[in-house]
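# Geometric and topological summary
So the chains spell out like this:
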Amino acid sequence: MKQPLSSTPRADGFRMPGEFEPHSGCWMMWPERPDNWRQGAGPAQDAFTAVAEAIHPSDPVTMAVSPTQYSNARARLSPGIRVVEMASDDAWMRDIGPSFVIDGKGHRRAVDWRFNAWGGDYNGLYTPWDRDDAVAARVAELESVERYRAPFVLEGGAIHVDGEGTAFTTEECLLSPGRNPKLSKAEIEDLLKDYLGIETVVWIPRGVHEDETTGHIDNLLHVCAPGVIALTWTQDRDDPQYERSAEALAVLEAARDATGRRLGVMKLPAPGPLYMSETEAAGIEAAATGMARSGGQRLAASYANFYIGNSRVVFPLLDPASDGAARDILQDLFPTRDIVGVPGREILLGGGNIHCITQQVPGTAAQP
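Below is a short write-up of the structure. Computed from a predicted model, the values in this text were never measured in an experiment. (Residues numbered from 1 in each chain as written. Predicted model: local features only at pLDDT ≥ 70, side-chain atom pairs only at ≥ 80, totals over all residues. Heavy atoms only, no water.)

### A word on the sheet that holds strand 15 (residues 338-343)
- Judged by pairing direction, the sheet is mixed, and its three strands sit side by side in the order 13-14-15 without closing on themselves. With one partner strand each, in any of the chains shown, strand 13 (307-308) and strand 15 form the two edges of the open sheet.
- The pairing of strand 14 (residues 312-317) with strand 15 spans six bridges and is classified as parallel. Looking at strand 15, one finds that Val 313 is bridged to Ile 339.
- Along the sheet face, helix 1 (residues 42-55) touches strand 13, strand 14 and strand 15 and points at about 170° away from the line of strand 15.
- Contacts between helix 11 (residues 323-333) and the sheet are confined to strand 14 and strand 15, with strand 14 contributing the most and set at about 160° to the helix. (Pairing = 2+ DSSP bridges. Helix = DSSP H or I, 4+ residues; strand = E, 2+ residues; numbered from the N terminus. Contact = heavy atoms within 4.5 Å. Axes fitted to C-alpha atoms, helices over the stretch in contact; angles between N-to-C directions.)

Okay, here's the thing in C-alpha cells:
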C-alpha cells in the first residue's frame with residue numbers, strides 16, 4: 001500500500017466538493033455485527049440492499065464485504081453492483097471511509113481521517129476499531145487515488161461542505177473529549193481548512209438528541225446547494241430536540257458562508273419521536289462496550305440523513321405521519337432529481353441512517 005502524501009489538500013489546491021456535485025460512484029459496507037444489528041444482521045442486510053439498489057441507477061455502487069459474507073452479499077445484490085472483500089469492525093462507510101477531494105484539473109485524492117469508534121477509550125462505542133481505521137486507505141487504493149492521512153480524529157458524518165469554501169460541523173462532536181482532547185477549537189478549525197480545502201467553518205452547538213455519535217452534523221442538517229440548508233425541525237417545544245434545532249437555526253441565520261452569502265434554511269419535520277421496541281432490542285446480542293441497546297430507547301431519527309446522487313435523492317422512510325411531508329420538501333429542494341424513499345428503521349436501530357452508510361466518490365470533471 002502506498003504511503004500517504006506529506007502535504008495537505010489545501011496546499012495542493014484540492015477541495016472537498018459538495019455532495020450535490022457530480023459523482024463517479026458510491027461506497028457502502030455490508031452489516032454483520034450481531035451486537036449492533038438484530039437477528040444476526042439479516043434485517044439490516046435487507047435494508048442495506050434496498051439502499052444500494054435505490055442508489056445504483058444514479059451512482060455506481062461498490063459494496064465492501066467481509067470474506068465470510070461475500071457470497072451472501074453477492075447473491076442479494078444486483079449483478080451491476082460491485083462487491084469487494086474488505087475487513088471492517090462495522091458498516092458505517094461515511095465515517096470509516098475516506099472523504100474525497102478534487103482540484104480544478106480533473107484530479108481526485110482521498111482524505112484518510114483517524115477513526116476511534118466515535119470516542120476512543122473515553123466513550124467509544126466498541127473496541128477494537130483498527131479494521132475500521134484501515135478502511136479509508138483500502139478504498140483509496142481500490143479507487144487508484146493518492147491519499148492524505150489526517151493527523152486528527154474525525155468521521156465523515158461530522159462534516160458537511162458546500163464545495164465553495166464552507167464547512168459545517170458541531171461543537172458537541174469535534175470538541176468532544178473522546179476525539180481530540182489536546183487540540184483547541186481554533187486548532188481543529190485550522191486542520192479542517194487544511195484537509196477540506198475551505199476558508200470558513202460554521203460551528204453548530206449540538207446535533208440530534210440521543211445521537212450516539214456525539215452530535216454528527218449529517219444527522220441534523222444537510223447542505224443541499226451552496227447557501228441552502230435542510231435542517232431537522234420539530235414544532236414541539238417540550239421535545240428535547242426543539243432547543244437543539246432552534247439554536248442551530250439561530251446560528252445558521254446569523255452566519256455567512258465563505259462567499260459572504262446568507263444561508264437559506266428549509267425545515268425538515270422530525271419524525272416520531274421514535275423508540276426501540278422490546279422485541280427489536282431482544283434480537284440484538286449484548287454488547288460489552290458502549291453500544292448497549294434496550295427497549296424504550298429513543299432513536300436519533302432524522303430525514304436529514306439522506307444521500308444526494310447524480311439523478312436521485314435517496315431518503316429514509318421513518319414515520320408514515322411525516323414521510324410524505326419530508327418527500328415533498330426534498331422534491332422542492334431538488335427539483336431535477338427523483339426523490340426515492342427507502343425504509344430506514346433497521347438502519348436507525350443500529351445508530352444512523354442512509355447518509356451514514358454511504359460515501360460518494362466525486363467525478364473528476366467537477367469544477368469549482
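After that view of the structure, there is still more to cover.
### Regarding helix 11
- All of the buried residues in helix 11 are Asp 323, Ala 326, Ile 329, Leu 330 and Leu 333. For helix 11, the arc enclosing every buried residue in end-on projection is 130°, short of the 170-degree limit, so these residues lie on one face.
- Contact partners of the buried residues in helix 11: strand 10 (221-225), strand 11 (228-233), strand 12 (264-269), strand 14 and strand 15. (Buried < 20%, exposed > 50% of the residue type's maximum accessible area, 1.4 Å probe, protein only. Arc of directions from axis to C-beta.)

### Remarks on the sheet that holds strand 3 (residues 82-85)
- Taking strand neighbours across the sheet as the criterion, the four strands line up as 3-2-1-16 in an open arrangement whose pairing is mixed. The sheet terminates laterally at strand 3 and strand 16 (359-362), the two strands that pair on one side only. Taken over all neighbouring pairs, the strand axes of this sheet differ in orientation by 25° on average, direction set aside.
- The sheet contact formed by strand 2 (residues 61-65) and strand 3 spans four bridges and is parallel. Across the sheet, residue Val 65 finds its bridge partner in strand 3, namely Glu 85.
- Here helix 1 sits on the sheet in contact with strand 1 (23-29) and strand 2, set at roughly 175° to strand 1.

### Topic: the side chain of Thr 169
- Mapped onto the elements of the fold, Thr 169 is located in strand 8 (residues 166-170).
- Reaching out from Thr 169, the side chain makes a polar contact with the backbone oxygen of Ala 158 at a distance of 2.7 Å.
- If we skip the residues at most four places from it in the chain, Thr 169 touches Ala 158, Leu 174, Leu 192, Val 201, Val 202, Trp 203, Ile 204 and Ile 217. (Polar contact = N/O pair within 3.5 Å; in protein donor to acceptor, adjacent residues only side chain to side chain.)

### Observations regarding the state of the cysteines
- Overall, the coordinates contain zero disulfides when judged by the stated rule.
- Free cysteine Cys 26: the closest other cysteine sulfur is in Cys 356, separated by 13 Å.
- Given the relative accessible area of 7%, Cys 356 is considered buried. (Disulfide = S-S within 2.5 Å.)

### A closer look at the packing of aromatic side chains
- For the coordinates displayed, the defined rule picks out nine aromatic pairs.
- Measuring from centroid to centroid gives 5.5 Å for Trp 37 and Phe 48, while their planes differ by 85°, and the two rings are edge-to-face. You can see Trp 37 sitting in the loop between strand 1 and helix 1 and its partner Phe 48 sitting in helix 1, a full 11 residues away along the chain. Here Trp 37 and Phe 48 have matching classes, each one buried.
- Ring pairing ties together the aromatic residues Trp 37, Phe 48 and Trp 92, which thus form one cluster.
- The cationic tip of Arg 33 hangs over the ring face of Tyr 126; the distance from NZ or CZ to the ring centre is 4.2 Å.
- Just above the ring of Trp 233 sits the side chain of Lys 267; from NZ or CZ to the centre is 4.0 Å. (Phe/Tyr/Trp six-rings, centres within 6.5 Å; stacked < 30°, edge-to-face > 60°. Lys NZ or Arg CZ within 6 Å of the ring centre and 35° of its normal.)

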